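Per-entry structural report
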Amino acid sequence: GQQVMQIPQYQHVQEGEDFTTYCNSSTTLSNIQWYKQRPGGHPVFLIQLVKSGEVKKQKRLTFQFGEAKKNSSLHITATQTTDVGTYFCAGEIQGAQKLVFGQGTRLTINP
Amino acid sequence: EAQVTQNPRYLITVTGKKLTVTCSQNMNHEYMSWYRQDPGLGLRQIYYSMNVEVTDKGDVPEGYKVSRKEKRNFPLILESPSPNQTSLYFCASSVQGSYEQYFGPGTRLTVT
């Protein structure tokens, strides 16, 4: 069954508002990756986090990996219409040597 | 240009008619994988391959077959498609299974 849970499933915001999606695993992850899928497109790699407590930023996007390496979050500050899409987390269960994807969070934005 | 290609992009077929979706990558990646994407379920792995002639089941392998005779190609075979296999399919490749995945453009399959 699904070992990596992602919430919320959907999020609608006004342009300029912030957005956060959360990813939780029941088991420790070796690393976690985030992907973005634009409507009608394919998932595209955004970033990978490896260390406990790691925080990385890409312009308005902030990615965090929890201290226990079981959860992660993606926060977008001041959303823009170009942020529309579905955001997926994907974690490597320790020792599995493959990724398990979360269900994704679909972000829509009111301009 | 580094890329993963899939064919066809769209396919409508009938129950029981065998079909193959091709996947090819030009990045010399060892690892290739097939996913299906369904609303509310995210991306679920069907099969993966760690190298030529090495394949293994993912989370939802029932009704599918794969082969990896060459490093660059990883076709997905549906011997007897059924309506519950109607989905959006993605092929992906990477250096290793846990590394950054490069996805193909997707194949939207409808089985009636």
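Just above, that's the structure.
All residue numbers refer to position in the chain's written sequence, counted from 1. Ligands are numbered from 1 and chains lettered from A, in the order in which they are written. Only residues with pLDDT of at least 70 get local features here, since the model is predicted, and only at 80 or more are side-chain atom pairs given and counted; chain-wide, interface and lining totals rely on the full set of residues. As a rule here, side-chain values cover all heavy atoms of the structure and leave hydrogens and water aside.

In this section: the overall build of chain B. Note on conventions: DSSP H or I runs of at least 4 residues are helices, E runs of at least 2 residues are strands, and numbering of each starts at the N terminus. Secondary structure assignment for chain B yields zero helices and 11 strands. Ordering the α and β elements of chain B from the N terminus gives β-β-β-β-β-β-β-β-β-β-β. Two things to know: the radius of gyration comes from C-alpha atoms, and the globule rule equals 2.2 Å times the number of residues to the power 0.38. A compact globule built from 112 residues should have a C-alpha radius of gyration of about 13 Å, and chain B, at 13 Å, falls within 12% of that. Expressed as lengths along the three principal axes of its C-alpha atoms, the size of chain B is roughly 35 × 30 × 25 Å.

Okay, the interface of chain B and chain A next. Each side of the interface is counted separately: chain B has 21 residues, and chain A has 19 residues. Defined here as a combined quantity, buried area equals the accessible surface (1.4 Å probe) lost by two parts on assembly, summed across both. In this assembly, chain B packs against chain A so that about 1600 Å² is buried in total across both faces, 54% of it on carbon and sulfur atoms. On the chain B side of the contact with chain A, Leu43, Ser98 and Phe103 of chain B bury the most area, a combined 32% of that side's loss. We define a salt bridge as a side-chain nitrogen of Lys or Arg found within 4 Å of a carboxyl oxygen belonging to Asp or Glu. Counting across the chain B and chain A interface gives zero salt bridges. Between N or O atoms, a polar contact is any pair within 3.5 Å; within protein, one atom must be a potential hydrogen donor and the other a potential acceptor, and residues adjacent in sequence are included only when both atoms are from side chains. Our count for the chain B to chain A interface comes out at two residue pairs in polar contact (both at pLDDT 80 or more). Contacts: residue pairs with any heavy atoms within 4.5 Å of one another.

All right, on to the state of the cysteines then. Residue and element names in this part refer to chain A. Only a pair of cysteine sulfur atoms within 2.5 Å counts as a disulfide in this structure description. By the definition in use, this model includes two disulfides over all chains. At a sulfur-sulfur separation of 1.9 Å, the disulfide partner of cysteine 23 is cysteine 89. Since a negative S-S torsion denotes a left-handed disulfide, the cysteine 23-cysteine 89 link at about 65° is right-handed. Taken together, the positions of cysteine 23 in strand E3 (residues 19–25) and cysteine 89 in strand E9 (residues 85–93) put the pair 66 residues apart, joining distant regions of the chain.

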